[in-house]
Amino acid sequence: MKFIAGFLFSVLTSYCLAQSNVSIIPKPLSLQMETGFYVINAKSTIGIDINNKALQQAAKFLSAAIQQVSGIGLKLTSNNSSAIQLVFSNTVKEVEGYELGIHSTGIIIKAKTKAGLIYGIQSLLQTLPQIRTNASIQVPCMQVIDYPRFKWRGMHLDVSRHFFGPEVIKEYINLMAAYKMNVFHWHLVDDQGWRIEIKKYPALTNIGAWRVDQTNKVWGDRPQAKPNETPTYGGFYTQAQLKEIVAYAQSLNITIVPEIEMPGHAAAAIASYPELSCTQKPQLPLTGGNYTNVSSNYCAGNDQVISFLQDILTEVMAIFPAEYLHIGGDEVDKAAWKICAKCQAKMKQEGLKDENELQSYFIKKIEKFLVAHHKKMIGWDEILEGGLAPEASVMSWRGEAGGIEAAKMKHSVVMTPGSPCYFDNYQAGPEGEPLAIGGFNTLKKVYDYEPIPKELNSQEAAFVLGAQGNLWTEFISTTEQLEYMVLPRMLALSEVLWTPSNNKNFTDFNNRLQYHFRGFEQKGLHYCAGNFSVAINPISSNGKLNVSLSSEILNAQIHYTIDGSEPTNQSPLFSQPIAISSSAQLRAVTTLNNQVMSKQSAKQDFVMHQAIGTAVNYTTPYSKYYPADGSNTLTDGVRGTFTIGKNWHGFSEKILIATIDLGSAKLVKTIALGCLQKYRDWIFLPQSVNFEASTDGLNFTAISTVKNPIDINAKEIMHAFEAVFAPTNIRFIRVTATNNLCPSGHPGAGKPAWIFADELIVK
Ligand code: TNX
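Residues numbered from 1 in each chain as written. Predicted model: local features only at pLDDT ≥ 70, side-chain atom pairs only at ≥ 80, totals over all residues. Heavy atoms only, no water.

Chemist: Just to check I follow, could you spell out the overall build of the protein chain for this structure?
Modeler: Along the backbone of the protein chain there are 18 helices and 33 strands. On C-alpha atoms alone, the protein chain measures out to a radius of gyration of 29 Å, which is about the 27 Å that the 2.2 N^0.38 rule sets for 763 residues. Expressed along its principal axes, the backbone C-alpha trace of the protein chain runs to roughly 95 × 75 × 50 Å. Looking at the protein chain as a whole, 55% of its 763 residues qualify as buried. Restricting the contact set of the protein chain to residue pairs at least 6 apart, pairs at least 24 apart contribute 71%. When the accessible surface of the protein chain is summed, it comes to about 31600 Å², and 53% of that surface belongs to carbon and sulfur atoms. Here the protein chain holds 66 positive side-chain charges and 66 negative ones, and the gap between their average locations is 3 Å. (Helix = DSSP H or I, 4+ residues; strand = E, 2+ residues; numbered from the N terminus. Rg over C-alpha atoms; globule rule 2.2 N^0.38 Å. Buried < 20%, exposed > 50% of the residue type's maximum accessible area, 1.4 Å probe, protein only. Contact = heavy atoms within 4.5 Å. Areas by Shrake-Rupley, 256 points an atom, 1.4 Å probe, with all protein chains shown as cover. Lys, Arg positive; Asp, Glu negative; His and termini not counted. Charge placed at Lys NZ, Arg CZ, Asp CG, Glu CD.)

Chemist: In this structure, what is going on with the side chain of Asn740? I would like to understand it.
Modeler: In this structure, Asn740 sits in the loop between strand 32 (716-738) and strand 33 (755-762). A residue is classified by how much of its surface remains accessible, and Asn740, at 12% relative accessible area, is buried. Polar side-chain contacts of Asn740 include one of 2.9 Å to the backbone oxygen of Leu685. Contact partners of Asn740, with chain neighbours within four places excluded, come to Phe684, Leu685, Pro686, Gln687, Asn708, Ile712, Lys751, Pro752 and Ala753. (Polar contact = N/O pair within 3.5 Å; in protein donor to acceptor, adjacent residues only side chain to side chain.)

Chemist: Explanation requested: the layout of surface pockets in the structure shown.
Modeler: Unfilled space is identified by rolling a water-sized probe across the atoms. As a volume, the second largest pocket reaches approximately 850 Å³. It is helix 18 (residues 506-523) that contributes the most residues to the lining of the second largest pocket, 6 residues altogether. Of the residues contributing to the lining of the second largest pocket, the split by class is 17 nonpolar, 9 polar and 3 charged. A domain split of the lining of the second largest pocket shows at least three residues from each of domain 1 (30-146) and domain 2 (152-498). (1 Å grid on protein atoms, 1.4 Å probe; cavity = no way out; pocket = protein on both sides within 12 Å on 5 of 7 lines; lining within 4 Å. Points joined across faces, edges and corners; volume = space filled by probe spheres on them. Nonpolar A, V, L, I, M, F, W, Y, C, P; charged D, E, K, R; others polar. Domains from an automatic or database assignment.)

Chemist: How should the nonpolar core be read in this particular structure?
Modeler: Across soluble globular proteins, nonpolar side chains show a tendency to be buried alongside one another. Counting 119 residues, the largest nonpolar core has Trp186, Trp194 and Ile196 as its most contacted members. Examining the composition of this core, we find that 9 residues originate from one element, helix 8 (residues 303-319), more than from any other. Beyond its immediate stretch of four places on either side in the chain, Ile196 contacts Leu188, Val189, Thr205, Phe236, Tyr237, Leu242, Ile260, Val316, Ile319 and Phe320. (Core = buried A, V, L, I, M, F, W, Y, C linked by side-chain atoms within 4.5 Å.)

Chemist: Would you mind showing me how to read the sheet that holds strand 17 (residues 393-396) here?
Modeler: Ordered in space as 8-9-14-15-16-17-18-19, the 8 strands form a closed barrel in which the pairing is parallel. For this sheet the average axis-to-axis angle between neighbouring strands, irrespective of direction, equals 30°. One ladder, built from 3 bridges, connects strand 16 (residues 376-380) with strand 17; its direction is parallel. Bridging across to strand 17, Ile378 finds its partner in Ser393. The sheet strands contacting helix 11 (residues 355-372) are strand 14 (255-262), strand 15 (324-328) and strand 16, and the helix crosses strand 15 at an angle near 160°. (Pairing = 2+ DSSP bridges. Axes fitted to C-alpha atoms, helices over the stretch in contact; angles between N-to-C directions.)

Chemist: Just checking my understanding: could you explain the site of the ligand for this structure?
Modeler: Near the ligand you find Arg161, His265, Asp330, Glu331, Trp380, Trp397, Tyr422, Asp424, Ile437, Trp472 and Glu474, and these make up its full shell. Interatomic distance of 2.7 Å between a side-chain N/O atom of Asp330 and a nitrogen atom of the ligand. Looking at side-chain class alone, the shell around the ligand contains 5 nonpolar, 1 polar and 5 charged residues. (Near = heavy atom within 4 Å.)

Chemist: Honestly, the confidence of the model for the protein chain in this entry has me stumped. Any pointers?
Modeler: In low-pLDDT regions, the fine details of the predicted coordinates are not to be read closely. Overall, the predicted model of the protein chain reaches an average pLDDT of 94, with 97% of residues at or above 70. Taken together, the stretch residues 1-20 has pLDDT below 50 and engages in 6 contacts with residues farther than four places along the chain or on a different chain. (pLDDT = per-residue confidence, 0-100.)

Chemist: Just checking my understanding: could you explain the pattern of salt bridges for this structure?
Modeler: Once their charged atoms are close, side chains differing in charge can pair, the charge on each being opposite to the other. All chains considered together, the criterion is met by 25 salt bridges. In this structure, Asp448 engages Lys444 in a salt bridge whose closest nitrogen and oxygen atoms are separated by 2.7 Å. Between Asp661 and Arg731 there is a salt bridge, with its nearest N and O atoms 2.8 Å apart. Note that Asp661 is positioned in strand 29 (residues 656-678) and Arg731 in strand 32, a separation of 70 residues in sequence. (Salt bridge = Lys/Arg side-chain N within 4 Å of Asp/Glu carboxyl O.)

Chemist: For this particular structure, what's the right way to read the pairing of strand 5 (residues 98-103)?
Modeler: Put simply, side chains in a regular strand alternate between the two faces of the sheet. By the criterion of burial, strand 5 is predominantly enclosed, with 5 of the 6 residues buried. Bridging between strand 5 and strand 6 (residues 106-111) involves 6 bridges; their strand directions are antiparallel. Within strand 6, the residue paired with Tyr98 across the bridge is Ala111. Counted between consecutive antiparallel strands, the loop separating strand 5 from strand 6 contains 2 residues.

Chemist: Would you take a moment to explain the domain arrangement of the protein chain for this structure?
Modeler: Where the parts come together, the accessible area they lose is often given as the size of the interface. Its domain assignment divides the protein chain into domain 1 (30-146), domain 2 (152-498), domain 3 (535-606) and domain 4 (616-762). When each unit is reduced to the centre of its C-alpha atoms, the spacing between domain 1 and domain 4 is 62 Å.

Chemist: Quick question: what am I supposed to make of the environment of Tyr179 here?
Modeler: The topology assignment puts Tyr179 in the loop between helix 4 (166-178) and strand 9 (183-187). Looking at Tyr179, the relative accessible area reads 6%, which means it is buried. Sequence separation between Tyr179 and Thr35 is 144 residues; the distance between their C-alpha atoms is 26 Å.

Chemist: Help me out: how do you make sense of the packing of helix 4 against helix 6 (residues 239-251) in this one?
Modeler: For the pair helix 4 and helix 6, the least separation of the axes is 10 Å and the interaxial angle reads 15°. The orientation of helix 4 relative to helix 6 falls into the category roughly parallel. Like other packed secondary-structure pairs, helix 4 and helix 6 cross with a definite hand, here right-handed. Of the residues in helix 6, those touching helix 4 at Pro166, Ile169, Lys170, Ile173 and Asn174 are Gln241, Glu244, Ile245, Tyr248 and Ala249. For the contact of helix 4 with helix 6, a count of residues per class yields 6 nonpolar, 2 polar and 2 charged. (Parallel < 35°, antiparallel > 145°, perpendicular 65-115°, else oblique. Left-handed = near helix turned anticlockwise from the far one by under 90°.)

Chemist: I tried to follow the packing of aromatic side chains on my own but got confused; where do I start?
Modeler: For any two aromatic rings, the description comes down to two numbers: the centre-to-centre distance and the angle of the planes. Within this structure, the stated rule accounts for 26 aromatic pairs. Centroid distance Phe163 to Tyr237: 4.9 Å. Interplanar angle 45°. Geometry classified as tilted. You can see Phe163 sitting in the loop between strand 8 (152-158) and helix 4 and its partner Tyr237 sitting in the loop between strand 13 (233-234) and helix 6, a full 74 residues away along the chain. A residue is classified by how much of its surface remains accessible, and Tyr237, at 0% relative accessible area, is buried. Their ring planes at 85° and their centres at 5.4 Å tell us that Tyr626 and Trp754 sit as a pair that is edge-to-face. Here Tyr626 is found in the loop between strand 27 (616-618) and strand 28 (649-651), whereas its partner Trp754 is found in the loop between strand 32 and strand 33, with 128 residues between them in sequence. Each member of the pair, Tyr626 together with Trp754, is buried. One aromatic cluster is present, built from ring pairs that chain together Phe163, Tyr172, Phe184, Trp186, Tyr237 and Phe320. In this arrangement the basic side chain of Lys504 is found over the ring face of Tyr447, its NZ or CZ atom lying 4.9 Å from the centre. Cation over ring: Arg734 sits above Phe700, and NZ or CZ is 4.2 Å from the ring centre. (Phe/Tyr/Trp six-rings, centres within 6.5 Å; stacked < 30°, edge-to-face > 60°. Lys NZ or Arg CZ within 6 Å of the ring centre and 35° of its normal.)

Chemist: Looking at this structure, I do not really get the sheet that holds strand 3 (residues 75-77). What am I missing?
Modeler: Consider a sheet: its strands pair through backbone hydrogen bonds, and that pairing is either parallel or antiparallel. Pairing within the open sheet is mixed, and its 7 strands lie in the order 1-7-5-6-4-2-3. Two strands in the sheet have a free side with no partner beyond their single neighbour: strand 1 (30-40) and strand 3. Here the strands of the sheet are splayed against their neighbours by 20° on average, with no regard to which way each runs. Where strand 2 (residues 45-47) and strand 3 come together, 3 bridges link them in parallel fashion.

Chemist: Looking at this structure, how should I read the packing of helix 17 (residues 489-498) against helix 18?
Modeler: Between two packed helices, both the angle of their axes relative to each other and the distance between the axes serve to describe the pair. Contact geometry for helix 17 and helix 18: axes closest at 11 Å, N-to-C directions at 135°. Here helix 17 is positioned oblique relative to helix 18, judged by the angle of their axes. Taken as a pair, helix 17 and helix 18 cross one another with a handedness that is right-handed. Counted together, Leu491, Ala492 and Glu495 of helix 17 and Phe509, Arg512, Leu513, His516 and Phe520 of helix 18 form the full contact between these two elements. For the contact of helix 17 with helix 18, the residue count by class is 5 nonpolar, 1 polar and 2 charged.

Chemist: I would appreciate a short explanation of the pairing of strand 33 in the present structure.
Modeler: With 8 of 8 residues buried, strand 33 is to be regarded as a mostly interior element. Note that strand 28 and strand 33 share 3 bridges and pair antiparallel. Counted as the bridge partner of Phe651 is Ile755 from strand 33. Relative to strand 33, strand 29 is paired through 5 bridges, and the arrangement is antiparallel. Paired with Leu673 across the strands is Leu760, a residue of strand 33.

This is the structure:
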């Protein structure tokens with residue numbers, strides 16, 4: 001009976017949904033479809049308390065949006081029997097909550113605040129057809145009760161690396177608003193451009209906002225400006241423009257949190273006022289990612305810097321009424337401070353034991369100033385180093401560790417870990433995708449994100465305000481690409497932040513998403529239709545390997561081969577995990593309606609050898625950012641690809657020493673360590689790999705040391721360092737890989753490189 005009832009219920013609801021096509025994103029807390037329609041036509045009016053400004057603003061917004069879809073202009077009236085009613089009501093308890101009732105006789109949206117009202121309107125708008133009708137519109141009847149899970153539902157945009165004018169910013173705000181995001185974190189200054197007019201310091205925009213145009217070159221390859229070249233690329237917002245945008249955002253319930261970076265990422269300010277750096281040497285505005293001989297930190301020992309920044313913040317606070325102000329604080333290379341007389345004197349005078357404490361001293365001074373002006377300070381997680389300022393909030397970007405630490409210290413936190421919250425990373429491909437900074441944050445990865453880390457108990461979790469998607473723009477120079485990187489990942493994040501996690505379902509989201517895709521097309525917005533690459537997920541346990549395949553594409557099928565040949569729609573169809581029992585190359589493609597959709601087949605090499613399944617002991621652990629699939633990644637038979645987040649153990653600035661025990665003496669004639677070089681990601685093949693063997697695990701004898709034969713400047717290559725020797729009985733193997741230094745000409749020249757290793761192959 002229960003089964004039949006459940007079955008009937010799901011048939012009925014899917015019938016109603018299919019029929020009415022309600023695809024609201026983020027998914028409302030509760031949505032009850034009812035029978036019938038309300039018809040919006042030329043006679044419909046919007047009824048409000050006409051003396052209430054907020055209601056007026058909301059009603060105008062609604063009427064303009066309906067006009068866009070249907071061409072019908074709805075009049076505002078004070079008639080409380082109007083067809084569409086917008087009302088403030090105390091029966092709605094949640095601050096951002098709303099109730100939307102669509103009945104055959106009319107529509108009513110109730111909310112406690114203007115925020116709720118706007119959200120109710122946004123939901124109503126998502127029940128309208130995406131295709132312009134130029135006629136009356138049928139809206140299906142339903143009852144929605146809704147409010148958000150998190151209060152910080154953020155999107156960030158870097159306008160320093162590439163500049164986007166006020167119209168683009170408004171479009172960004174519109175997109176955010178449509179999906180009930182409510183914080184716009186505006187990254188207004190960075191090394192490559194100062195974008196906010198500061199009246200007291202005009203050079204910041206006269207000089208700091210303009211650079212020699214190298215837009216046609218990839219960020220990291222852009223030559224530095226020469227003194228005889230004219231800076232022509234850039235732009236900035238006047239204070240009047242900013243105030244107008246703030247008001248615009250406010251009308252859609254979006255708070256703008258401005259970011260003024262300090263004490264690092266300040267090269268543009270230093271190009272404008274060289275006396276602010278430790279060296280005080282003049283420099284030209286950066287054109288891209290080449291920092292050779294450029295100061296990008298303020299001098300932390302110079303009191304003039306503090307007063308300069310306080311003057312700036314005073315003007316910033318007068319433009320942005322937000323409760324929070326972001327002061328950056330990330331990626332400060334403290335080398336300049338170590339050799340700066342002023343910084344060292346300041347450390348002595350204040351009893352600071354190292355440069356981390358100097359940074360903390362600097363940030364605390366700024367916080368004190370902001371607090372005195374009734375602002376809350378937020379910064380990137382590096383502000384934890386050397387001691388967190390007393391009331392600071394933390395934005396956790398280098399994973400979640402900073403956020404966890406801050407929440408445990410009872411400080412507010414916004415989660416924005418690189419994976420999956422960096423929308424400058426690839427979302428598909430990467431073959432066929434526009435060049436991106438790297439990484440791989442697919443729609444599903446964003447959708448599956450849970451902002452509350454399991455390390456936090458419920459009291460600590462309350463300090464997590466929410467999360468945010470970040471859009472850094474080193475690799476994004478056009479509006480089209482900006483849209484493409486945000487759409488549709490922002491929609492996935494909006495559901496993460498709005499909808500209770502037990503109410504989320506990726507397939508259901510993906511179904512609703514199709515309606516939004518039609519809307520993007522209608523509006524001429526660029527978006528990513530999905531990651532058509534097949535995800536290959538090896539599962540190794542007890543030395544046995546099974547592989548599962550998945551696709552993020554709705555209703556897709558997967559075809560595969562295991563002999564290295566290119567799969568077609570005729571190749572075997574994936575339905576259950578594939579057992580791998582000998583070395584093989586698996587390839588797979590996504591098909592839709594019997595057509596191969598993947599730009600390139602996904603490939604994965606598997607290698608069977610004598611060490612499969614053995615435990616690996618590392619002398620120094622692998623980076624927590626590159627755990628691959630766990631501690632025996634080197635012995636799981638799974639070879640790496642050029643995707644660094646998968647199958648590779650990464651070692652930062654350290655040599656790799658790994659020991660394995662084959663369990664008993666075995667006849668061995670080759671041992672190899674698979675390694676990766678990826679120039680742009682500071683990953684270089686080791687200088688050499690040394691192999692040793694032992695029968696007792698205590699006394700090791702050298703087998704051989706294999707030198708790196710590959711050009712240090714090679715962009716990307718996989719190479720196995722292999723020792724070949726006369727068959728020998730061996731039980732224990734120790735491998736030592738010595739890291740390289742980044743070569744000259746590389747942004748990290750002279751600094752230790754990463755080692756990436758995927759497999760220790762024993763044959
Ligand atoms: C790190 S995230 C940065 C930015 C870069 C970004 C590129 C953060 C606080 N700092 O300056 O643009 O990586 O993904």
